[in-house]
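Reading the structure
Below are the chains, spelled out letter by letter.
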Amino acid sequence: MKLAKSLVLFLAVSLMAVSFAYAGKDLDAVKAKGFIQVGVNGGVFGFGMPDEKGVWKGLDVDTARAVSAAIFGDADKVKYTPLTAQQRFTALQSGEIDLLTRNATRTLSRETQLGLNFVTVNYYDGQGFMVPKALGVKSAKELDGATVCVLPGTTTEQNAADFFRSNNMKMNPVVIESTSELAKTFFAGRCDVLTSDASQLAGTRAVAPNPKDYIILPEIISKEPLAPAVRHGDDQFRDIVDFSVLAMINAEELGITSANVDEMLKSTNPVVQRFLGVIPGNGEALGLDEKWAYNIVKQVGNYGEVFERNVGVNTKLGIERGLNALWTNGGLMYSPPFK
Amino acid sequence: MPSAVPFWRDEAKRAIVFQLAAIAIVFGISYYLFSNTQANLQRQSIATGFGFLDKEASFEIGESLIEYSAADSYTRALLVGALNTVKVSFIGIVFTLILGTVIGISRLSKNWLVSKLAAAYIEVMQNIPVLLQLFFWYAIFYEAFPAPRQALNPFTGLFLCNRGMIFAVPAAHPAHSAMGWTLLAVLVGGWVLNRWGKKRQAATGKPFPALRITIAAAIVLPAVVWLLYGAPTAMDIPALRGFNFKGGVTVSPEFSALLLGLVIYTSAFVAEIVRAGIQSVGKGQIEAAMAIGLRPAKVLQLVVLPQALRVIIPPLTSQMLNLTKNSSLAIAIGYADFVAVTNTIINQTGQAIEGVALIMLVFLVFSLSTSLFMNWYNKKMALVER
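Because the structure is a prediction, the values reported are computed rather than measured.

Listed as interface residues are 38 residues of chain B and, on the opposing side, 39 residues of chain A. Elements that contribute at least two residues to the side of chain B that touches chain A include exactly α1 (11-43), α4 (130-144), α10 (330-333) and α11 (338-349) of chain B. Among the residues forming the side of chain B that touches chain A, the class breakdown is 18 nonpolar, 16 polar and 4 charged.

Residues and elements named next belong to chain B. Taken together, the 3 strands give an open sheet; going across it, the order is β1-β2-β7, and neighbouring strands pair in antiparallel fashion. Across the chains shown, the open sheet's two edge strands, defined by having one partner strand only, are β1 (158-161) and β7 (249-251). Across the sheet, the axes of successive neighbouring strands diverge by a mean angle of 15°, strand direction being ignored. Relative to strand β2 (residues 164-167), β1 runs antiparallel, the two sharing 4 bridges. Among the inter-strand pairings, L160 is bridged to a residue of β2, identified as M165.

Per-residue pLDDT for chain A averages 88, and the proportion of residues at 70 or more is 93%. The low-confidence segment residues 7-24 of chain A, where pLDDT is below 50, has 10 contacts with residues more than four positions distant or belonging to other chains.

Residue and element names in this part refer to chain A. Despite not being glycine, N168 has its phi angle at roughly 55°, a positive value. Residue placement: N168 occurs in the loop between α6 (155-166) and β10 (171-175). Classification of N168 by C-beta neighbours within 10 Å gives exposed; the count is 7.

Residues and elements named next belong to chain A. With respect to burial, strand β1 (residues 36-40) is a largely interior element, 4 of its 5 residues being buried. Across 5 bridges, the pairing between β1 and strand β4 (residues 78-82) is parallel. Looking at the pairing, V40 lines up with P82 of β4.

Moving on to the confidence of the model for chain B. On average, residues of chain B score 88 in pLDDT, and 98% of them are at 70 or above. Scoring the predicted complex yields pTM 0.77 and, for the interface, ipTM 0.74.

Soluble globular proteins tend to bury their nonpolar side chains together. Ranked by internal contacts, the top residues of the largest apolar core, which has 161 residues, are V193 and I296 of chain A together with L258 of chain B. Two domains each put at least three residues into this core: domain 1 (25-124 + 226-329) and domain 2 (127-222) of chain A. In contact with V193 of chain A, other than residues within four places in its own chain, are F129, M130, V131, L143, A146, V148 and C149 of chain A.

Residue and element names in this part refer to chain A. Within the span of helix α2 (residues 26-33), buried status applies to D26, L27 and V30. Down the axis, α2 shows its buried residues gathered within 100° of arc, on one side only. Looking one or two residues past α2, G34 carries a phi angle of roughly 90°, positive in sign.

Reading the values: the criteria
Residues numbered from 1 in each chain as written. Chains lettered and ligands numbered in written order. Predicted model: local features only at pLDDT ≥ 70, side-chain atom pairs only at ≥ 80, totals over all residues. Contact = placed C-beta atoms within 7 Å. Helix = DSSP H or I, 4+ residues; strand = E, 2+ residues; numbered from the N terminus. Nonpolar A, V, L, I, M, F, W, Y, C, P; charged D, E, K, R; others polar. Pairing = 2+ DSSP bridges. Axes fitted to C-alpha atoms, helices over the stretch in contact; angles between N-to-C directions. pLDDT = per-residue confidence, 0-100. Buried ≥ 20, exposed ≤ 12 C-beta atoms within 10 Å, placed from the backbone. Core = buried A, V, L, I, M, F, W, Y, C linked by C-beta atoms within 7 Å. Domains from an automatic or database assignment. Arc of directions from axis to C-beta.

Pasting the structure below:
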């Protein structure tokens, strides 16, 4: 009897696992659930981290909220799963999360071998090095023999190895899975150098015991286009995520902010009218409400607002727009036409 | 003879049918899960297969028993990880056995303080999750010790800092391998001597001090070899160069913290097993042994231990396996064990199923070989009934 029972249990569990994998299109699943399950960082200030009240804040979090606003007309239909760098892609592949906005670098192998679709970049980053001022190091080229704190399973880990190898230098890596544990280890002096994306270094430094004791070295050794990602297999969902990011960029280009969006509804400019759904068409094409872009701008804001609120010069991170400025201001943020 | 008993009434045949059905179901489900996974992976265009093993790893590993660089293949990186797991598990098991036995015996001590201290140790260490203990020890290592430039230097050749413990070792010299071989020869000789001694004792009743002779030889003979090679005394002394120490041998804080955490946690369980084993030997036996004039050490060696070991070995095996498996918590404190290395590889290649299968396979091999050895030892120790 015991055998029969355990057999039935085993069958049930395996069937459940199988039906999970076949749960149909991602968008339908998300709509049926009534919320989006989003994988975020959880430990990087300015990108994805809960504040002292437990409310999730950050550029990546706002990106996820924009997608929620587009699909549900409500930016708060999001549930967050904090993931380590090592867990993130598996969580997306397995269907544990619907959307990954966790400062993940878009690369060829991730796009192909991991079965992921990255969409428009929401932050252009590059890898840098942070050292204690007391070391007196001025350039990353002086780091021969240094002990380097790095997150496992990241492009950073490879870039650092490549950088030291190509400059004929030796490194001793200290590799710890949790972002916050790694930062603690670095601040306690276990490593000479912490390497990561420059934005993350700024975020880590912002929460350091003594932020002024650390400098970020001038060398940026890699390109890190950070982009949200979805699984292969549901192009409609991919399009919605893609255009949710683009809508924030386009809104900034058109000068639409969360403050003036209601006024802009009365604009006579057909480009604005099309964008905000006054002239219908875009919403239907994406399979969304015509007010989807309006909802994003109204509830989350345009890209400039989101940037300044989370990581801009007036925050603890104090990051300049740089590559993340609009193309009209010398940056890389550029949106295709919304028509 | 009743010729036609239908097979469903024949108990033996019915049993075979049930067995076949069970096998068919297991295979059916396995095949279903396998083909389904394959189809899903293909649908999501996720790469499959073990072709990635030959590719360049392109990441560094903090510590390694063999030569390794980022230019080596994934296979080599996996080997480094597996060896690191073996290293921490093996050293951990040895220390756990020693510490656990000492505490287990202390627990039975007639000295009130000693036995209470041992009891407190067991209660506390058993009940704190091992992951917390690891974090605790690791934090102690990197918070309490100074930076390399201010390293503690209690005596020449030893440095303590938050990069680990760095100590001088004798500089490489052919004498060392010769000494190693000599020691091995002494150990083999000691084993043979011990067997001969036992045989002689069984025949004539005269004991032979094989152990003492072996220990003396193990100390004297390698020293003689060392002198024959001209007594090389050159040391490889570590010195601070640039960011870190060069030379000598470094024991990293990650390794130390993991070893300490695993040993302290597991030895609490081993202590209880040892105590239970000793208590399982009837009091009357000890009294009887004393009554025929055996000294306490001989009572332990000849009467208590042989019987206690029978009780101790099976649960001890499972604690040894626990320690090996718990070593995979290394990833939390940055020790490059097999799981940590494989996780990085999974992330770079995206081949989670292959990676997890490798982890399972490697741990299965570790566990099965440990339990094979322990089962063999258990059989050797088991009661031989006459």
